[in-house]
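What follows is the residue order along each chain.
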Amino acid sequence: MSTPSAAPASPAARQSLTMVCATLAGAIPMLTLVLWFVLGTDGIGDFPKSWHPLVVLAAAAGAYAICELAGFRTPPLEYSSRPAADVQAESWRRFTASTFVRFAVCEGVFFISIALAFVAESYWVVLIGAALALPLFFLEAWPGDRNQRRFAAALESGGVPSYLTGRLQD
């Protein structure tokens, strides 16, 4: 069976990026557990009656907006006489860099919740931060098909195939 003219999607690159992202995502539950021993000395405690949870919620909304509006923007690929493998490698480099930026934005929500938890002296704020940051990360930064297709569409907006997904985007 013959292979299509487009370069196949790089399973090794996707697998490596997925492994790194899974490791990075594991830090959120790990830190949540560690912070239990620092902030949860009297059990989970009462829910804070102050503004701290609202700030974490606003940070999550802001992170979502940043990732949706700017996280998948990239200059389109330019026409060149480079081989498809080089274009694909550049596409994966740009996708990886974008993934790490989106991860940092999503993880920032959790770090804000940690700082505010010490101000409020409440473990609830850490739990809220983790409960918002982890799903946000999986939606916006996980290198799955959705995010890969969105980034490939941005790369290919100039008409040059990116070979990020192994096929041209619609």
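One can find the structure itself at the top, above this paragraph.
Residues numbered from 1 in each chain as written. Predicted model: local features only at pLDDT ≥ 70, side-chain atom pairs only at ≥ 80, totals over all residues. Heavy atoms only, no water.

### Looking at the packing of helix α1 (residues 11-39) against helix α3 (residues 84-120)
Thinking step 1. One can describe the packing of α1 onto α3 by two numbers: an axis separation of 11 Å at closest approach and a directional angle of 5°. With respect to α3, the axis of α1 lies roughly parallel. (Axes fitted to C-alpha atoms, helices over the stretch in contact; angles between N-to-C directions. Helix = DSSP H or I, 4+ residues; strand = E, 2+ residues; numbered from the N terminus. Parallel < 35°, antiparallel > 145°, perpendicular 65-115°, else oblique.)

### Things to note about the nonpolar core
In a soluble, globular protein the nonpolar side chains are often hidden away together inside.
Thinking step 1. Counting 38 residues, the largest nonpolar core has Val109, Phe110, Val126, Phe137 and Leu164 as its most contacted members.
Thinking step 2. At the level of elements, α1, α2 (52-70), α3, α4 (123-140) and α5 (145-155) are the ones that each hand at least two residues to this core.
Thinking step 3. At 10 residues, α3 tops the list of elements feeding residues into this core. (Core = buried A, V, L, I, M, F, W, Y, C linked by side-chain atoms within 4.5 Å. Buried < 20%, exposed > 50% of the residue type's maximum accessible area, 1.4 Å probe, protein only.)

### Looking at the side chain of asparagine 147
Thinking step 1. In this fold, asparagine 147 is placed in helix α5.
Thinking step 2. Not counting chain neighbours up to four residues away, the residues in contact with asparagine 147 comprise Phe72, Phe95, Arg102, Leu139, Glu140, Ala141 and Trp142. (Contact = heavy atoms within 4.5 Å.)

### Notes on α4
Side chains of residues three or four places apart in an α-helix project in the same direction, reflecting 3.6 residues per turn.
Thinking step 1. Here α4 is 18 residues long and its end C-alpha atoms lie 26 Å apart, about the 26 Å a rise of 1.5 Å per residue gives.
Thinking step 2. Along α4, the positions that sit buried rather than exposed are Tyr123, Val125, Val126, Ile128, Gly129, Ala130, Ala133, Leu136, Phe137 and Glu140.
Thinking step 3. Elements in contact with the buried residues of α4: α1, α2, α3 and α5.
Thinking step 4. A distance of 3.2 Å separates the backbone nitrogen of tryptophan 124 from a side-chain oxygen at the start of α4, and that oxygen is part of serine 122. (Expected span 1.5 Å × (residues − 1). Polar contact = N/O pair within 3.5 Å; in protein donor to acceptor, adjacent residues only side chain to side chain.)

It is worth stressing that arrangement in space is one thing and function is another; only the former is reported here.
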